[in-house]
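# Descriptive structure summary
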Amino acid sequence: MLWRGAALVVLVALPFVIAALLVAPPAPRAAERARQGFVGSATCASCHAAETTAWRDSDHARAMAAAAPATVLGDFSGVTVTDGRHTATFRREDGRYVIRTDGPDGAVADFTITETFGVDPLQQYLVLFPDGRRQALPWAWDSRPREAGGQRWYHLMADEPLPAGDPLHWTGREQTWNFMCASCHSTGLVRGYDATTDRYATTWTEISVGCESCHGPGAAHVAWARAAARGEDPHRGLSVWMRDRSGGAWRFAADDPRGIARWEGPPRQSTAAQVETCAPCHARARPLVADPLPGARFLDTHAPMLLERGEYHADGQIQGEVFEWGSFAQSRMSRAGVVCADCHDPHRGTLRAEGNAVCAQCHLPARFDTAEHHRHPAGTPGAQCVSCHMPAVTYMGVDRRRDHAFSVPRPDVAAQIAAPDTCTSCHTDRPQSWAARQIVQWFGPRRRDEPHPALAISAGRNGQADADALLAAVATNRAHAPILRATAVSLLPMPPSQATAQAIGATLLDPDPLVRAAALRTLDGLHPRNRLHAARFLADETRLVRIEAARALAPVPLDALPEAARPAFVRAWEELLASERVAAERPEAHVNIAGMLAARGDMAGAEAAYRDALARDGAHLGALVNLADFEARRGRHDAAEAALRRAVTAHPREAEAQHALALALARQGRTADALPPLAEAARLRPGEPRYAYVQAIALNQLRRTEEAVGVLRANIARHPRHRDSLIALATIERDRSNFVEAERLAAEAAAINPTDREAAALLVQLRSLRQRMPGLR
C-alpha cells in the first residue's frame, strides 16, 4: 500500500501477540520521539483495557512485525516458486527466514527477511540492507483459504521482467519501505534519511500502528490522568481530540420522506479531526513536511492527489491504487458530516454492523432495503447496498477494495466517458445502454446532478472544444465536493479563454483551501506579470495554499512584489523548498527544486540540484530532459544534446525522450537530423497528437510537403479536434492553392474555440479569397 505515485507495495495485517507489537525502536532516534511525548500503547493499555483488546486484533495493530514464527504466514519449507519470469526459494536457516532470488546486481543470492507486512488477504516481507533501506520483496503470500485460491506464493508483478536496476525491481527506489510505506505502518516514525550519505537511520516508537498514531503523543494525557488535581483541560492532555461532546446525533425526521438521517443538535465537534486523522494514510498524497505528528490539518502536511486520469475514472470512480479518502471526499456523506467512525469501529477497524445494517444506521431500511429500491431479490448479492454504491477494484492480485464515494449508478454517463458501471459489472452479458434504460424505467428520466460533472472532467481530459465552459461551471459550483471542483480547475485549458479566466478568478477566492491551491497552480500557464495577484495568498492559513502561491511567483523578481508581501514570500518560498526536500532521496524532488531555482535566476543552485538528481539515478528521464532544456537555455547546446542522447539510450521506448532530442536538434537548425527521433516519438505515442504535428512541421520545412500532408491527415483522423494540426494543414493547402479544402479545415479549427483569433483570421482570409476569386478550387 503506497501513498505516492507508484502503486507497488501493499501493507496489510497479521495476527500475533501484543508483545510483538511493542518492539523497542532502533537507536539512536527513539529518544527524539520520546521527547515529543510518545509513551507507547502498553502505557495506554493500563487504563484503556477494552480499547486495547479491540485494537490488538485489528489491521492497525498487525500492520508490521518482526519476522518470527508467530508472525510469518508463508511457506518457508524450502519450496521453490517460479512464474516463468521470476524464481525464488523460501527456507528457514538458523532461525532466520531466507529468500533466495535475484539481488540488486542481478545475481541470485540469499536474503534474510527482517519484517512482515500484514496478513489479510496477503502478507509481504521486508529485507534490511546495510544502508538502512528496507526493501519490499515482490513475492507475496496469498493468505486466503486454499478453497478461495490462497495458501500460495505469487509474484506481485508477474508480467513485468523487472531486471536489476529497474526502479520497480524489489531493490529499486519504488520498493523502498522507508520512503514509500513506513510513515503509515509504524508509530512515532522518524525516517532519518541523510542526503549527504544517501543512507537511512529510520526509527519508530512502535513497529505497528499503535494508539499514538491516531491520538498523538500520550505523555501529556498520562500526566493529566495521574495528576492528583486534573484541572480544567477539556482535551485531557491529548493533542488529537476525537470524542464528540456536542450531544447531537444522527436521527430520522418523521416528516422527511427521503428516509435519510440528519444530524440533530449542536454542530459535531470532532468531524474535521476524525477525517483528517485518517486522511494522511488513507489518501494518495505527497507529504509537505517530514515526519508529521498526528493532529495537524491534512492540507498543512500533505498535498492530496486530485482526480487524475489513470487513477480515477472521469466520474470519480477509483481506478488506480488511491485508497479511500479521495473517493470519500467526493461523497454526499462527507459533505453531510459523516465521518469514518460512523461506519467503522475505530479500534477494531471493522464495520459497526454487517451487510446492509451498517447503512441502515442512516438510511431507513423501509425506504432503501426493499426490492422497490434495489430491484433485486432479497438476500442476493444485488440486494446489498455496496453492490451498487461501492464498486470494488482488486489490487495486488487478491486485495479487493471498495470505492467510498457512495455514488448513484449512472450507466448512461459511464457509457459516454468509457468508464465501468456497477450494473454491467455484474450483468456482464448486457450493454450499458440496457442498464441505462432499466434505471429510467425504474426511477424516471430526471437526475439531480444534470449535467453530470463527469462529462466536464472527461471533456477537460480529452481537450474538447467546450471544455472550458463545462469545467468552469463545475469549478465554481460550491454544491460540488471540493476535490471535484479542484480537479475541474486543474483541467482548465491554457491559454485561458474568458470562461477559464473567470473561473480561475472565482476559485482563487474559494473558501476551500484545496480549490484555492488548485487555482494557484493554474497560474503556471500565465506570464509572470499576470501572476502578481498570487501574492495575497502567501500568508494563507493553509500551508498547501502558501506553497502554491510561492510556486506561482517563482519567476517574479522579489522587487516586483508589493513591499508588504516580500517577507511572506520569503517564508512561503522556504516552505516550498522544504516540502520538496522532504523527498530528498528521490531524483524528482531535486528536478523540481532545480526548476524552481532556475525560475528565480539561481543558475548555480539549479545546476547543483540537477547533479543531485542524477547522482540518485543517472538515467532518470525527467532529470535528463529538464537538464537538457536548462543547458539549452544557457546556450550550451552540446551539453543539452549529450543529456538527451543519454535519455534516449536509457529509455529508447519513451516518446518524451525522442521528442525532446528532436526539438533540441531543430533549435540548432538541424531539422533533417531531427526527423528520425520525431518520427519515432510519433510512432511510440500515436495517442499524443503534438508529436505527429511537430513531425509534420519539420517535414514541411524540409519541403517534403506531401509527406507532411500525409502525417497531418493521419493525425487528424486519429484526433479530429486537434486544433494545431487543422491550422497547419489548412495553411499548407492554402499555399498549395487548395482553397476549398483549406477553408473547410480552417472552419473546423475555428469551431473548436470561437475565441481563437488565429483560426478566425485564417478562415476570414480564405473566405475573402474565395469570394474575390470564384473560380478557385
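Summary of the structure given here. (Residues numbered from 1 in each chain as written. Predicted model: local features only at pLDDT ≥ 70, side-chain atom pairs only at ≥ 80, totals over all residues. Heavy atoms only, no water.)

### As for the packing of aromatic side chains
In plain terms, the rule: Pairing of aromatic rings covers Phe, Tyr and Trp, the last through its six-membered ring, and needs centres within 6.5 Å; plane angles under 30 degrees mean stacked, over 60 mean edge-to-face, and all others mean tilted. The numbering of helices and of strands both runs from the N terminus, where a helix is a DSSP run of H or I of at least 4 residues and a strand a run of E of at least 2. Only protein chains enter the area calculation, which uses a 1.4 Å probe; residues under 20% of their type maximum are buried, those over 50% are exposed, and those in between are partly exposed. When the NZ atom of lysine or the CZ atom of arginine is within 6 Å of a ring's centre and also within 35 degrees of its normal, the charge is said to sit over that ring.
Summed over the entire model, instances satisfying the criterion amount to 19 aromatic pairs. With 5.7 Å between their ring centres and 90° between their planes, Phe76 and Phe90 make a pair best called edge-to-face. Of this pair, Phe76 sits in the loop between strand S1 (65-66) and strand S2 (77-82) while Phe90 sits in strand S3 (residues 87-93), and the two are 14 residues apart along the sequence. Owing to a relative accessible area of 7%, Phe76 belongs among the buried residues under this scheme. Here Phe90 falls in the buried class, since its relative accessible area comes to 1%. Measuring from ring centre to ring centre gives 5.3 Å for Trp141 and Trp153, while their planes differ by 70°; the resulting arrangement is edge-to-face. Residue Trp141 is found in strand S8 (residues 139-142), and its partner Trp153 is found in strand S9 (residues 152-155); the two are separated by 12 residues along the sequence. For the pair formed by Trp141 and Trp153, the shared burial category is buried. Members of the aromatic cluster, each reached through a chain of ring pairs, are Phe76, Phe90, Tyr97, Tyr125, Trp139, Trp141 and Trp153. The ring of Tyr154 has Arg152 sitting right over it, with the charged end atom 4.7 Å from the ring centre. One Lys or Arg, Arg600, reaches over the ring of Trp573 and ends 5.7 Å from the middle of that ring.

### Observations concerning the pattern of salt bridges
Counted only if it meets this: Salt bridges are identified by distance alone: a Lys or Arg side-chain nitrogen within 4 Å of an Asp or Glu carboxyl oxygen.
Evaluated as defined, the whole model comprises 53 salt bridges. Arg258 is the partner of Asp256 in a salt bridge, and the nearest nitrogen-oxygen pair spans 3.1 Å. Look at Asp256 and you get buried, because its relative accessible area is 15%. A relative accessible area of 41% means that Arg258 is categorised as partly exposed. Between Asp510 and Arg485 there is a salt bridge, with its nearest N and O atoms 2.4 Å apart.

### Regarding the packing of helix H31 (residues 671-684) against helix H32 (residues 689-701)
Worth spelling out the cut-off: The axes are straight lines fitted to the C-alpha atoms, using for helices just the contacting stretch, and the angles between their N-to-C directions are given from 0 to 180°. Each angle receives one of four descriptions, namely roughly parallel if under 35 degrees, roughly antiparallel if over 145, roughly perpendicular if within 65 to 115, and oblique otherwise. Note: crossing handedness is left-handed where the near helix turns anticlockwise from the far helix by less than a right angle, and right-handed where it turns clockwise. The contact rule is simple, with two residues in contact once any of their heavy atoms fall within 4.5 Å. Each residue gets one of three labels, nonpolar for Ala, Val, Leu, Ile, Met, Phe, Trp, Tyr, Cys and Pro, charged for Asp, Glu, Lys and Arg, and polar for the others, Gly among them.
Closest axis-to-axis distance for the H31/H32 pair is 9 Å, and the angle between their directions is 155°. One element, H31, and the other, H32, form an angle in the roughly antiparallel class. Remark: the crossing between H31 and H32 carries left-handed chirality. In contact with Thr671, Leu675, Leu678, Ala679, Ala681 and Ala682 of H31, H32 contributes Tyr691, Ala692, Val694, Gln695, Ala698, Leu699 and Gln701. Looking at side-chain class alone, the contact of H31 with H32 contains 10 nonpolar, 3 polar and no charged residues.

### A look at helix H34 (residues 723-735)
The test is simple: Take the number of residues in a helix, subtract one, and multiply by 1.5 Å to get its expected span.
Taking 1.5 Å per residue, 13 residues should reach 18 Å; H34 reaches 18 Å between its end C-alpha atoms and fits that length. Looking at the buried side of H34, the elements it contacts are H32, helix H33 (705-718), helix H35 (739-752) and helix H36 (757-772). Positioned one or two residues after H34, Ser737 has a phi angle of 70°, which is positive.

### Focus on the side chain of His722
Within the secondary structure, His722 is located in the loop between H33 and H34. Residues within four places of His722 in sequence aside, it is in contact with Pro689, Arg690, Tyr693 and Asn715.

### A word on the layout of surface pockets
Let me state the cut-off plainly: Points on a 1 Å grid, built from protein atoms alone, make a cavity when a 1.4 Å probe fits but cannot get out and make a pocket when they are open with protein on both sides within 12 Å along at least 5 of 7 lines; residues with an atom within 4 Å of a point are the lining residues. Grid points are joined across faces, edges and corners, and a volume is the space filled by probe spheres set on the points.
Each pocket or cavity is described by its volume, and for the second largest pocket that value is around 1,400 Å³. For the second largest pocket, the lining is made up of 43 residues, of which Arg286, Ala303, Met305, Glu308 and Arg521 are closest to its centre. Among the elements of the structure, strand S14 (285-287), strand S15 (302-304), helix H19 (453-462), helix H21 (482-490), helix H23 (513-522), helix H24 (543-552), helix H25 (566-581) and helix H26 (587-599) are those that each provide at least two residues to the lining of the second largest pocket. If you tally residues by element for the lining of the second largest pocket, the top one is H23, at 5 residues.

### Examining the packing of helix H30 (residues 655-667) against H31
Interaxial distance between H30 and H31 falls to 8 Å at its minimum, and their mutual angle equals 155°. Classed by the angle they form, the pair H30 and H31 counts as roughly antiparallel. Here H30 and H31 pass one another in a crossing that is left-handed. In this structure, H30 uses Ala655, Gln658, His659, Ala662, Leu665 and Ala666 to contact H31, whose residues at the interface are Asp673, Ala674, Pro677, Leu678, Glu680, Ala681 and Leu684.

### Describing the environment of Leu491
Examined against the element boundaries, Leu491 turns out to sit in the loop between H21 and helix H22 (498-508). In this structure the C-alpha to C-alpha distance between Leu491 and Phe111, which are 380 residues apart in sequence, comes to 46 Å. In this structure, Leu491 is in contact with Ile457, Gly460, Arg461 and Leu471, ignoring residues within four places of it in sequence.

### Some words on the nonpolar core
Keep this limit in mind: The set of buried Ala, Val, Leu, Ile, Met, Phe, Trp, Tyr and Cys residues whose side-chain atoms join them within 4.5 Å is what this entry labels a nonpolar core.
Judged by nonpolar contacts, the single largest core of 145 residues is most densely connected at Trp325, Leu538 and Trp573. Here this core takes 8 residues from helix H28 (residues 621-633), the largest share from any one element. Not counting chain neighbours up to four residues away, the residues in contact with Trp573 comprise Ala550, Ala554, Met596, Leu597 and Arg600.

### Looking at the pairing of strand S4 (residues 96-102)
To keep things clear, this is the line we draw: By this definition, two strands are paired if DSSP reports at least two bridges between them.
Here 5 bridges tie S3 to S4, and the two strands are oriented antiparallel to one another. By the bridge assignment for S4, Arg91 is matched with Val98. Hairpin remark: S3 followed by S4, antiparallel, with 2 residues in the connecting loop; positive phi at Asp94, about 55°. Bridging between S4 and strand S5 (residues 108-117) involves 6 bridges; their strand directions are antiparallel. Across the sheet, Tyr97 pairs through a bridge with Ile113, a residue of S5. Between the antiparallel neighbours S4 and S5 lie 5 residues, among them Gly106 with a positive phi of about 90°.

### Some thoughts on unusual backbone geometry
A cis amide bond links Asp120 with the next residue in sequence, Pro121, at an omega value of 5°. By the secondary structure assignment, Pro121 is in the loop between S5 and strand S6 (122-128). A cis geometry characterises the amide bond from Met494 onward to Pro495, with omega recorded as 0°. For Asp94, which is not a glycine, the phi torsion comes out positive at approximately 55°. Mapped onto the secondary structure, Asp94 falls in the loop between S3 and S4. Under the relative-accessibility criterion, Asp94 is labelled exposed at 73%. Although it is not a glycine, Phe323 sits at a positive phi angle of roughly 65°.

### What about helix H8 (residues 271-278)?
What counts here: Throughout, the arc means that of the directions going from the helix axis to the C-beta atoms.
All buried positions along H8 are accounted for by Gln274, Val275 and Thr277. The arc that holds the buried residues of H8, viewed along the axis, is 160°, so those residues lie on one side. Those residues of H8 hidden inside the fold are in contact with helix H6 (211-215), helix H10 (325-328) and helix H12 (340-343).

In short, shape yes, function no, at least from these values alone.
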